[in-house]
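# Working through the structure, step by step
Now for the letters of each chain:
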Amino acid sequence: MVQQVLIHDDDYYVSDANQLVTEDDTPVDNFASAKQQRLLVSSLYSSIQQQTFLAEANVGIYHTDGQPAIVPDVFLSLDVQVPENWWKKQNRCYMVWRFGKPPEVVIEIVSNKEGDELGKKLKIYEQMRASYYIVYDQTQQLGEKVLRVYELRGRRYFETSENWLEQVGLGVTLWEGKFEERQDTWLRWCYQDGNLLSTGDERAEQERQRAEQERQRAEQERQRAEQERQRAEQAEQRTQLLADRLRAMGVDPNTL
């Protein structure tokens, strides 16, 4: 439990950061969860260029003074960014009172039945007032549903079948494909038209394909130009051959 020491900071009373556990160096994730977290976070930073936001995996969120941090697998918070000196104790984790708001989206990736994602964690995120709570249960530990999306309405979460997160301007979807050489079903961010937010590798591959298509178009244009040159040359040769034959017959081709 965090000791209740309050300090005066920019006209707000907040918990003393020196009393908070911002990291405990305990490895807890499995390979699948770690890779899924990287996919969700990296695709945001690769694809969203005009929006200020903070997305992280396994970073603690202090939501209520005197309560321990909760550590979602992934969170997304709009219009905030990590302070410049992120090594300072008070800047190492997400303190709601310092950022002025909770994250808009929190995501839990279910690995077993011990996390209580539909019980205690749901209540904490509800109390924290995160706009959306997403539970990705790829191995169906909690029931038949692989994906659950909860939306905050008033003070309570309501499960919704809508995967478009209106307040965030993004959606989530399940995608069959390969990420980091691993073929599986992945939770992905998407735009409203269903197109996925690309990872850095995907964007590089898309750029490589565009460059290759451009190279092929340039090569086709070069070949067309070469064919046109050859046709013109052949026509000139035919004209010259005809003129030579006419002259051999005593006819000046220039008089024709």
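Whatever comes next refers back to the structure up there.
Cut-offs applied
Residues numbered from 1 in each chain as written. Predicted model: local features only at pLDDT ≥ 70, side-chain atom pairs only at ≥ 80, totals over all residues. Heavy atoms only, no water. Salt bridge = Lys/Arg side-chain N within 4 Å of Asp/Glu carboxyl O. Helix = DSSP H or I, 4+ residues; strand = E, 2+ residues; numbered from the N terminus. Buried < 20%, exposed > 50% of the residue type's maximum accessible area, 1.4 Å probe, protein only. Pairing = 2+ DSSP bridges. Contact = heavy atoms within 4.5 Å. Axes fitted to C-alpha atoms, helices over the stretch in contact; angles between N-to-C directions.

## Focus: the pattern of salt bridges
The final tally for this structure, using the stated rule, is 19 salt bridges. The partner of E126 in a salt bridge is K123, with the nearest N and O atoms 3.8 Å apart. One end of the pair, E126, and the other, K123, are both in helix α3 (residues 120-128), three residues apart, so they sit about a helical turn from each other. For E126, a relative accessible area of 7% corresponds to the buried category.

## Section: the sheet that holds strand β13 (residues 182-190)
With antiparallel pairing, the three strands of this open sheet are ordered in space as β11-β12-β13. Taken across any chain shown, the strands that pair with only one partner, and hence form the sheet edges, are β11 (164-165) and β13. With respect to the sheet, helix α1 (residues 31-47) is in contact with β12 (170-179) and β13, its orientation differing from that of β13 by roughly 40°.

## Overview of the pairing of strand β5 (residues 74-78)
Counting buried positions over the five residues of β5 gives five, a clear majority of the element. Here β5 shows two buried faces, one formed by V74, L76 and L78 and the other by F75 and S77. Relative to β5, strand β3 (residues 53-57) runs antiparallel, the two sharing five bridges. Each bridged residue has a counterpart across the sheet, and for A57 the counterpart in β5 is V74. Here β5 pairs with strand β7 (residues 105-109) via three bridges, running antiparallel. Looking at β7, one finds that F75 is bridged to V106.

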